[in-house]
Every structure is written in C-alpha cells, then in structure tokens.
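These are the residues of each chain, in order.
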Amino acid sequence: MSNLNDPRPPLPEWILEAYDILVTHATDVEDDCNTQAITRDTAVDILLTTDELTLEPEDTDYVLRRLLDRGYFYEVNDELRVTEPMD
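Along every chain, residues carry numbers that run from 1 in the direction the sequence is written. Side-chain atom pairs in this predicted model are given and counted only at pLDDT of 80 or more, local residue features only at pLDDT of at least 70, and totals for whole chains, interfaces and linings cover all residues. Computation of side-chain values: all heavy atoms of the structure, hydrogens and water removed.

(A) Up close: the packing of aromatic side chains. Centres within 6.5 Å are what make two rings of Phe, Tyr or Trp a pair, Trp counting through its six-membered ring; a difference in plane orientation under 30 degrees is then read as stacked, over 60 as edge-to-face, and the rest as tilted. This structure, assessed with the given rule, holds three aromatic pairs. Consider the rings of W14 and Y62, whose centres lie 6.1 Å apart with planes at 20°: the pair is stacked. Taken together, the positions of W14 in helix 1 (residues 13-25) and Y62 in helix 3 (residues 57-69) put the pair 48 residues apart, joining distant regions of the chain. Take W14: its relative accessible area is 30%, and that puts it in the partly exposed class. Judged by centre distance (4.9 Å) and plane angle (70°), the ring pair of Y19 and Y72 falls under edge-to-face. Here the residue Y19 occupies a position in helix 1, and Y72 occupies one in the loop between helix 3 and strand 3 (73-76), the gap between them amounting to 53 residues. The two residues Y19 and Y72 agree in class, both being buried. A connected cluster of aromatic rings, assembled from ring pairs, spans Y19, Y72 and F73. Secondary structure elements are taken from DSSP: a helix is a run of H or I of four residues or more, a strand is a run of E of two residues or more, and numbering for both begins at the N terminus. Between buried and exposed lies partly exposed: a residue is buried under 20% and exposed over 50% of the maximum accessible area for its type, with that area taken using a 1.4 Å probe on protein chains only.

Put into structure tokens, the structure is as follows:
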C-alpha cells in the first residue's frame, strides 16, 4: 500500500505486521463490494493476545490510528473495513 508519491515515511514494520494479523482475522461484509471488516474491539483483543507481537493497550490504539490515517482501513461505526490497495 506504499505510495511512491507520498512524502510521509513508510509505516514501521511492526505496524505492517499488525495490519497483516488483523486482515487475516477480518470477515466478509454483506455488501456489493466484497469488503472485509473487523470490529475495533476484536482488533484490539487480537493485537493484545497474538504471539506474533507484544503490544500494550496504548500500542493498539496507536496502530489502529496509523492504519486509519494511512488508509489501510476505513471506519464505519465501530467496524474497521479493509481498504483494497490501489494499483
């Protein structure tokens, strides 16, 4: 999802690892766009209990904020929906 024209530095590897973990737990949304989503609470629980990363609650909030800010997810109510990478 890295954009070569984006002047911001790339996301740290641990945040991208968190994204990969969350995407594997996302489920299909019943819509016409084949969207996948995960609730915010479920995302936090997964990030706090995964063996792949060691995160504190504050870290999970930071991860989700960064992923939302960069467009990896968009939020609908309390649900984080996966944004498809642009080609």
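Next comes the rest of the description.
(B) Up close: the side chain of T35. Of note, T35 is situated in the loop between strand 1 (27-28) and strand 2 (36-39). Leaving out residues up to four positions away in the same chain, T35 has contacts with T27, D28, V29, Y74, R81 and V82. Here, two residues are considered to be in contact whenever any of their heavy atoms come within 4.5 Å of each other.

(C) Representation of the packing of helix 2 (residues 40-49) against helix 3. What counts as an axis is a line fitted to C-alpha atoms, over the stretch in contact for a helix, and the angles between N-to-C directions run from 0 to 180 degrees. The N-to-C vectors of helix 2 and helix 3 enclose an angle of 125°; their axes lie 10 Å apart at closest approach. As the angle between them shows, helix 2 and helix 3 are arranged oblique. As for the relative orientation of helix 2 and helix 3, their crossing is right-handed in sense. Only P57, T60, V63, L64 and L68 of helix 3 make contact with helix 2, whose side of the interface consists of R40, A43, V44, L47 and L48. Note on terminology: angles under 35 degrees are roughly parallel, angles over 145 are roughly antiparallel, angles of 65 to 115 are roughly perpendicular, and the others are oblique. Note: crossing handedness is left-handed where the near helix turns anticlockwise from the far helix by less than a right angle, and right-handed where it turns clockwise.

(D) Local environment of unusual backbone geometry. Positive phi, normally seen in glycine, also occurs at N77, with a value near 55°. Mapped onto the secondary structure, N77 falls in the loop between strand 3 and strand 4 (79-82). What makes N77 exposed here is its relative accessible area of 75%.

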